[in-house]
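Residues per chain are reported as follows:
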There are 2 protein chains.
Amino acid sequence: MGPRWKGKGSEAKALGDPMSKIVSQLQSSLSQSEAQGLLCGCSVLLGAKAQEADLLNRSCFGVTITTAEKDRQWFQLSMEEAFYLHYSLKCLKIVDEDRRLMNDEELLLYMKSKKETFPDFYKAYSHLRMKNWVVMSGVRYGVDFVAYRHHPALVHSEFAVLVLSSEEEGCGGANARLRTWSDIHCTTRLCSGVVKTLLVLNVSRNGHGDGAISLSRTEKYTIYEYTIKRWLPERCREDHGLVKSESSSCTIAEDGTK
Amino acid sequence: MGPRWKGKGSEAKALGDPMSKIVSQLQSSLSQSEAQGLLCGCSVLLGAKAQEADLLNRSCFGVTITTAEKDRQWFQLSMEEAFYLHYSLKCLKIVDEDRRLMNDEELLLYMKSKKETFPDFYKAYSHLRMKNWVVMSGVRYGVDFVAYRHHPALVHSEFAVLVLSSEEEGCGGANARLRTWSDIHCTTRLCSGVVKTLLVLNVSRNGHGDGAISLSRTEKYTIYEYTIKRWLPERCREDHGLVKSESSSCTIAEDGTK
């Protein structure tokens, strides 16, 4: 399944304005302005002037919040987005409610305390962002993220992403998905209905999952990518014309990359 | 969401020929002919002459198998269907591969050995069948069963059914569904897409779940019914016209019956 561009000219527009360039411009701009985000519950609030707001919109970080301020646009960043800008791109400082700068480890601990799966989710988010995919919430489709080849105004999302952990044996894992066939059938059927490919990012902790979480440990996690597609036996038979009924099976295509 | 009848006259046809009557006729017919099913892996094979085959088809038990036999039609019954005819309706004897008659407890143990969740699934299946719902596999929709008000030729299935067990704490349960929000979102979105209501049958073992399985224990299980629907905040606001975007939340409507 290739990208589904929205209208004519979208593909050319995307090619002429690569996401890597936009994110790089955002990185420079935030670094220069010494941008500070305010940690607030499960999100980070960031005020931006016109040019920076434009870059945030074009690179799809955060959602805009309506305020009375005229010269600043406010953005609400998810924890993954904020930590990516802070830790991976090193262009966003984050302060707590007392306006005190938080360091990397403090932030990681805070975010994990708000969302148990945060280290895995962050690893998955940054994995896709570093490959220049635009990554947004997948809540509408019952998955963790959706991934776009470029800005959602130009193209439909191509992948529905579930984040699993290979060390999540049995009940331990917070993200208990794809453990039964009915869940796999449900998810692949929904994905095919909304023309997306189900991408499973399996975070392997390589034995660094036990004990207190730390950035040095999460650095050692690796990610394995799998796509899962429905397999309809009827479509693979020779006598296409004869068969009408539909069955539901899955084939798992493995595409393991680190 | 009410029943969606297939074409004109279907509703009248269904009303004139209630499912309870068809199943009752099937029960008499199988009893009189002393029908025997052959246990074979995860299903039971049953040969039926014309009139009985017609009743099996009309009451939706089993799927037909093509054979060279002219005077008998063969049906492949699922374990739940076979056990329902054998144990609840007392109209089907079941023999093993050596043509030896199996008793109730032997059958239950055998079926549980093939499918860990069988006692819960059987309880759910018989719960719906006893209320005269036609119950079939939900594999196409990523659920355990689908329930029809009458024969699928007359009406679309109304409920997508998931069978859970209230004692399934953590990893223990084989049917690990609806444990995370993403799974709930995925399932309710798919259900609304295929115009079905998600019905959760929660099997409570009332403390009789530990130790060896037996029919006297499963008799003590009770079933709680819940329907789960998506809740779209936009549809509940006063200014319907103003809002276009879609969000995904769930509301759980509890309708507990034993």
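This one's a predicted model, so the numbers in the text were calculated from it and none came from an experiment.

Next up on the list: the sheet that holds strand 1 (residues 36–40) of chain B. In a beta sheet, neighbouring strands pair by backbone hydrogen bonds and run either parallel or antiparallel. All names here are of chain B. In space, the five strands of this open sheet follow the order 3-4-2-1-5, with mixed pairing throughout. Strand pairing shows two members of the sheet lacking a second neighbour, strand 3 (63–65) and strand 5 (93–95), which therefore form its edges. Pairs of neighbouring strands in the sheet enclose a mean axial angle of 35 degrees, with direction left out of account. As paired elements, strand 2 (residues 43–48) and strand 4 (residues 73–78) share six bridges and run antiparallel to each other. Along strand 4, the bridge assignment pairs Gly47 with Trp74. Strands in contact with helix 4 (residues 79–88) are strand 2, strand 4 and strand 5; relative to strand 4, the strand with the most contacts, it is inclined by about 100 degrees.

All right, on to the pattern of salt bridges then. All names here are of chain A. Summed over the entire model, instances satisfying the criterion amount to 22 salt bridges over all chains. Arg177 is paired through a salt bridge with Asp183; the nearest N and O atoms lie 3.0 Å apart. Assigned by exposure class, Arg177 and Asp183 land together as buried. Linked by salt bridges that have partners in common, Asp17, Asp54 and Arg58 make up one network.

Under the fitted operation, chain B is carried onto chain A by 0.0 Å of movement along the axis and a turn of 179 degrees, and the coordinates agree to an RMSD of 0.0 Å. The superposition of one copy onto the other is thereby described by a two-fold rotation axis. A share of 100% of interface residues in chain B that are also interface residues in chain A marks the association as one of identical surfaces.

Residues and elements named next belong to chain A. Spatial ordering of the open sheet is given by 3-4-2-1-5, a layout of five strands whose pairing is mixed. Two strands bound the open sheet, and with one partner strand each, they are strand 3 (63–65) and strand 5 (93–95). When strand polarity is set aside, the average angle formed by the axes of neighbouring strands in this sheet is 35 degrees. Relative to strand 2 (residues 43–48), strand 1 (residues 36–40) runs antiparallel, the two sharing three bridges. Within strand 2, the residue paired with Leu39 across the bridge is Val44. Strands strand 2, strand 3 and strand 4 (73–78) of the sheet are contacted by helix 3 (residues 50–59), whose axis makes an angle of about 135 degrees with strand 2.

Another aspect to go through is the environment of A:Met1. Checked against the element boundaries, A:Met1 lands in the segment before helix 1 (10–16). In contact with A:Met1, other than residues within four places in its own chain, are A:Glu158, A:Val195, A:Lys196 and A:Thr197.

Facing 26 residues of chain B, the contacting portion of chain A comprises 26 residues. Roughly 2,100 Å² is buried in total at the junction of chain B and chain A, and carbon and sulfur atoms are behind 62% of that figure. If you sort the residues of chain B by the area they bury against chain A, B:Arg140, B:Cys186 and B:Arg189 come out on top, with a joint share of 28%. Across the chain B-chain A interface, the total number found is zero salt bridges. At the junction of chain B with chain A, the criterion picks out four residue pairs in polar contact (both at pLDDT 80 or more). Class assignment of the residues belonging to the side of chain B that touches chain A gives a composition of 10 nonpolar, eight polar and eight charged.

What follows is about the packing of aromatic side chains. Scanning all chains against the criterion turns up 18 aromatic pairs over all chains. On the numbers, 6.3 Å between centres and 15 degrees between planes, the contact of A:Phe61 with A:Tyr84 is stacked. Taken together, the positions of A:Phe61 in the loop between helix 3 and strand 3 and A:Tyr84 in helix 4 (residues 79–88) put the pair 23 residues apart, joining distant regions of the chain. Residue class for A:Tyr84 comes out buried when judged on its relative accessible area of 4%. Ring centres of B:Phe83 and B:Phe118 lie 5.7 Å apart, and the angle between their planes is 85 degrees; on these two criteria the pair is classed as edge-to-face. Taken as a pair, B:Phe83 in helix 4 and B:Phe118 in helix 6 (residues 118–130) lie far apart in primary sequence, 35 residues in all. The side chain of A:Lys196 reaches across the aromatic face of A:Tyr141, ending 4.8 Å from its centre.

All right, on to the UniProt feature "domain: tRNA intron endonuclease N-terminal" (unreviewed entry) in chain A then. In the numbering adopted here, UniProt assigns the feature "domain: tRNA intron endonuclease N-terminal" (unreviewed entry) to residues 36–108 of chain A. Between the C-alpha atoms that bound residues 36–108 of chain A there is a distance of 17 Å. The span itself is 34% helix and 32% strand.

When a strand is regular, its side chains alternate between the sheet's two faces. By the bridge criterion, three bridges tie strand 3 of chain B to strand 4 of chain B in an arrangement that is antiparallel. Across the sheet, the residue bridging to B:Thr64 is B:Phe75, located in strand 4 of chain B.

Here the focus is the pairing of strand 1 of chain A. As defined by bridge partners, strand 1 of chain A adjoins strand 5 of chain A across three bridges and the pair is classed as parallel. When the bridges of strand 5 of chain A are listed, A:Leu38 appears paired with A:Val95.

Axis angle and axis distance: for two packed helices, these are the angle between their axes and the distance between the axes, and together they describe the pair. All names here are of chain A. Contact geometry of helix 4 with helix 6 (residues 118–130) gives a least axis separation of 10 Å together with a crossing angle of 65 degrees. Compared by their axis directions, helix 4 and helix 6 come out roughly perpendicular. For the element pair helix 4 and helix 6, the recorded crossing hand is right-handed. The segment helix 4 lies against helix 6, with Met79, Glu80, Glu81, Phe83, Tyr84, Tyr87 and Ser88 engaging Phe118, Phe121, Tyr122, Tyr125, Ser126, Arg129 and Met130.

A few words on unusual backbone geometry. Residue and element names in this part refer to chain B. Notably, Lys90 is not glycine yet its phi reads approximately 55 degrees, a positive angle. In this fold, Lys90 is placed in the loop between helix 4 and strand 5. We classify Lys90 as exposed; its relative accessible area is 55%. Backbone geometry places Arg99, a non-glycine residue, at a positive phi of 65 degrees. With respect to the helices, strands and loops of the structure, Arg99 is situated in the loop between strand 5 and helix 5 (104–114). What makes Arg99 exposed here is its relative accessible area of 60%.

Residue and element names in this part refer to chain A. If you check the domain split of chain A, you get domain 1 (17–115) and domain 2 (116–230). When the two sides are added together, the surface that domain 1 and domain 2 hide from each other amounts to roughly 2,200 Å², 67% of it contributed by carbon and sulfur. Seen at the junction of domain 1 and domain 2, the total is one salt bridge. In this structure, Glu116 and Lys112 form a salt bridge, with 3.0 Å as the shortest nitrogen-oxygen distance. Counting every contact that joins domain 1 to domain 2 gives 10 residue pairs in polar contact (both at pLDDT 80 or more). If you list the elements that add at least two residues to the side of domain 1 that touches domain 2, you get helix 2 (19–32), helix 3, helix 4 and helix 5 (104–114). A class-by-class count of the residues in the side of domain 1 that touches domain 2 yields 13 nonpolar, four polar and nine charged.

About the thresholds
Residues numbered from 1 in each chain as written. Chains lettered and ligands numbered in written order. Predicted model: local features only at pLDDT ≥ 70, side-chain atom pairs only at ≥ 80, totals over all residues. Heavy atoms only, no water. Pairing = 2+ DSSP bridges. Helix = DSSP H or I, 4+ residues; strand = E, 2+ residues; numbered from the N terminus. Axes fitted to C-alpha atoms, helices over the stretch in contact; angles between N-to-C directions. Contact = heavy atoms within 4.5 Å. Salt bridge = Lys/Arg side-chain N within 4 Å of Asp/Glu carboxyl O. Buried < 20%, exposed > 50% of the residue type's maximum accessible area, 1.4 Å probe, protein only. Least-squares fit on C-alpha atoms with pLDDT ≥ 70 in both. Buried area = accessible area lost by both parts, 1.4 Å probe. Polar contact = N/O pair within 3.5 Å; in protein donor to acceptor, adjacent residues only side chain to side chain. Nonpolar A, V, L, I, M, F, W, Y, C, P; charged D, E, K, R; others polar. Phe/Tyr/Trp six-rings, centres within 6.5 Å; stacked < 30°, edge-to-face > 60°. Lys NZ or Arg CZ within 6 Å of the ring centre and 35° of its normal. UniProt positions renumbered as here; feature names shortened; annotations may be inferred. Parallel < 35°, antiparallel > 145°, perpendicular 65-115°, else oblique. Left-handed = near helix turned anticlockwise from the far one by under 90°. Domains from an automatic or database assignment.

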